[in-house]
Amino acid sequence: MVHLVQGAVVLSKDAPVTLQTVRVPDPGPGEALVDILTSGVCHTDLHYKQGGISDDFPFLLGHEATGVVSAVGPDVSNVAPGDRVVLNWRAVCGTCRACAKGQPQYCFNTANATQKMTLEDGTPLTPALGIGAFIDKTLVAAGQCTKVDADVDPAAVGLLGCGVMAGIGAAINTGGVKRGDSVAVIGCGGVGSAAVAGAALAGATTIIAVDRDPRKLATARKLGATHTVDSASEDAVAAIRGLTGGFGADVVIDAVGRPETYRQAFYARDLAGTVVLVGVPAPEMLLELPLLDVFGRGGSLKSSWYGDCLPSRDIPMLIELYKQGRLDLDTFVSERITINDIDAAFTRMGQGSVLRSVVELQARPQTDLSSP
């Protein structure tokens, strides 16, 4: 059976997001069909729209999602119809080089659905990060579904599917923040604010939030920052050093992903400290650093892929902390919107007025015109 549902699609580079009728097949072996409840509007979706990820248009946008499994294919055992799930883009294979070394958080062969979702005329769609969640129903690999409790706000926990997990994981998993550490986070959008929250969860005692927007700095305070630096009026490196006894922070997280912010992170860390790059650079960006400084300052320069998370382990753990009141996911939900408001949400994202806009799919009438 094929399900005919509405999805948010960008047909070509920088084209507006439009609602299109999408053909979604029933799940095959290893696949799951998921009714989407909510999906966050992430910078990655904007990168897809702008052609910054690939040129495999048309794209079905959306990936930070919570949903309910409606059907599963043969041999699927991790989820069943009726399960509430958060979707992730790291469905580990269990057999690649990373998995074989006991490092599934780096899985090099993550799974997506085998079957294609298409437009009505049969044109194959490329789902964002293998998910495509701005749609009433989506088809994913069953391993992309992490079963969660149904008694939590789907808009809040769905953000663990990408941005919030990326930030928290950059601090805890990649940066290895420990009790008593000093941490600086450069860039306090959704991912950077999540890194602040992750540093607080890990027990850092000095957490310095750096941004040019006072609104974002205020939110970072709410999420656990002990100090803030307005880099529009202060030298970020000097300020971070001044707040850490003149030495620099143990861990500095670049949540922007530009050469100038990376250089700030590099020089704002203590000797033998750690730099974590979690902001995604543009393809044309180049970094120049004196090699002697790279050697002489020691420590670690790391990149964080999806917060180096293991979704089956980390998503349920963070949701439990949310339920206990120890992790404030609600603050990340700046607004709840309809599927017709995605382009406007991209504009507000660029203006810095939101951490996350969340599309609520269950808030609109849905018509599934299934066909055999």
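Heads up: the structure comes first, above all this text.
Since the structure is predicted, the reported quantities are computational estimates derived from the model, not experimental observations.

## Comments concerning the packing of helix H4 (residues 163–174) against helix H5 (residues 190–202)
Alright, step 1. Between H4 and H5, whose axes approach to 7 Å, the crossing angle comes to 45 degrees. One element, H4, and the other, H5, form an angle in the oblique class. Between H4 and H5 lies a crossing whose hand is right-handed. Facing Gly163, Val164, Ala166, Gly167, Ile168, Ala171 and Ile172 of H4, the residues of H5 in contact are Val191, Ala194, Ala195, Gly198, Ala199, Leu201 and Ala202.

## Here's the deal with the state of the cysteines
Alright, step 1. Tallying each qualifying case throughout the model produces zero disulfides.
Alright, step 2. Here Cys162 stays unpaired: no disulfide links it, and the sulfur of Cys42, its closest cysteine neighbor, is 4.1 Å away.
Alright, step 3. Residue classification places Cys162 among the buried residues on the basis of a relative accessible area of 6%.
Alright, step 4. Between Cys309, a cysteine without a disulfide, and Cys162, which holds the nearest cysteine sulfur, the sulfur-to-sulfur distance is 9.3 Å.
Alright, step 5. According to the relative accessible area criterion, Cys309 is buried, its value standing at 0%.

## Let's talk about the nonpolar core
Alright, step 1. If you look at the biggest cluster of nonpolar residues, it comprises 49 residues, and the most contacted ones within it are Val164, Val183, Val196, Ile253 and Leu329.
Alright, step 2. If you list the elements that add at least two residues to this core, you get helix H3 (154–157), H4, strand S11 (182–186), H5, strand S12 (206–211), helix H6 (214–223), strand S14 (249–254) and helix H10 (311–323).
Alright, step 3. If we skip the residues at most four places from it in the chain, Ile253 touches Ala170, Ala171, Val183, Ala184, Val185, Ile186, Ala195, Val276 and Val278.
Alright, step 4. Judged by nonpolar contacts, the second largest core, of 47 residues, contains Leu46, Leu87, Cys145 and Cys162.

## So, the sheet that holds strand S4 (residues 59–60)
Alright, step 1. Strand order in the open sheet formed by five strands is S7-S2-S1-S4-S8, and the pairing between neighbours is mixed. Edge strands, defined here as strands with exactly one partner in the open sheet, are strand S7 (118–119) and strand S8 (126–127).
Alright, step 2. Where strand S1 (residues 2–10) and strand S2 (residues 18–25) come together, eight bridges link them in antiparallel fashion. The partner of Val9 across the bridge, within S2, is Thr18.

## Side note on the pattern of salt bridges
Alright, step 1. Going through the model one piece at a time under the given rule, you end up with 13 salt bridges.
Alright, step 2. The salt bridge involving Lys147 is made with Asp83; its shortest N-O contact spans 3.6 Å. Here Lys147, found in strand S10 (residues 145–147), pairs with Asp83, found in the loop between strand S5 (64–72) and strand S6 (84–87); they are 64 residues apart in sequence, far enough to count as distant.
Alright, step 3. Owing to a relative accessible area of 13%, Asp83 belongs among the buried residues under this scheme.
Alright, step 4. Among the ionic pairs, Asp181 bridges to Lys178, the shortest N-O distance being 3.7 Å.
Alright, step 5. By relative accessible area, which is 10% here, Asp181 ends up buried.
Alright, step 6. For Lys178, a relative accessible area of 52% translates into the label exposed.

## Thoughts on the side chain of Arg84
Alright, step 1. Among the secondary structure elements, Arg84 is positioned in strand S6.
Alright, step 2. No salt bridge is formed by the buried Arg84; the nearest opposite charge belongs to Asp153, separated by 7.2 Å.
Alright, step 3. If near-sequence neighbours (up to four positions away) are discounted, Arg84 is found in contact with Leu37, Thr66, Gly67, Val68, Thr146, Lys147, Val148, Asp149, Ala150, Val152 and Pro154.

## Here we look at the environment of Phe346
Alright, step 1. Looking at the element boundaries, Phe346 is found in helix H11 (residues 342–351).
Alright, step 2. Note on Phe346: relative accessible area 6%, which makes it buried.
Alright, step 3. For the pair Phe346 and Arg212, spaced 134 residues apart in sequence, the C-alpha separation works out to 19 Å.

## Things to note about the sheet that holds strand S13 (residues 227–230)
Alright, step 1. Spatially, S13-S12-S11-S14-S15-S16 is the arrangement adopted by the six strands of the open sheet, whose pairing is parallel. Strand pairing shows two members of the sheet lacking a second neighbour, S13 and strand S16 (300–303), which therefore form its edges. Sheet twist, expressed as the mean angle between neighbouring strand axes with direction ignored, is 15 degrees.
Alright, step 2. As defined by bridge partners, S11 adjoins S12 across five bridges and the pair is classed as parallel. The partner of Val183 across the bridge, within S12, is Ile207.
Alright, step 3. Docked against the sheet, H6 engages S12 and S13, running at close to 170 degrees with respect to S13.

Cut-offs and rules
- Residues numbered from 1 in each chain as written.
- Predicted model: local features only at pLDDT ≥ 70, side-chain atom pairs only at ≥ 80, totals over all residues.
- Heavy atoms only, no water.
- Axes fitted to C-alpha atoms, helices over the stretch in contact; angles between N-to-C directions.
- Helix = DSSP H or I, 4+ residues; strand = E, 2+ residues; numbered from the N terminus.
- Parallel < 35°, antiparallel > 145°, perpendicular 65-115°, else oblique.
- Left-handed = near helix turned anticlockwise from the far one by under 90°.
- Contact = heavy atoms within 4.5 Å.
- Disulfide = S-S within 2.5 Å.
- Buried < 20%, exposed > 50% of the residue type's maximum accessible area, 1.4 Å probe, protein only.
- Core = buried A, V, L, I, M, F, W, Y, C linked by side-chain atoms within 4.5 Å.
- Pairing = 2+ DSSP bridges.
- Salt bridge = Lys/Arg side-chain N within 4 Å of Asp/Glu carboxyl O.
- Lys, Arg positive; Asp, Glu negative; His and termini not counted.

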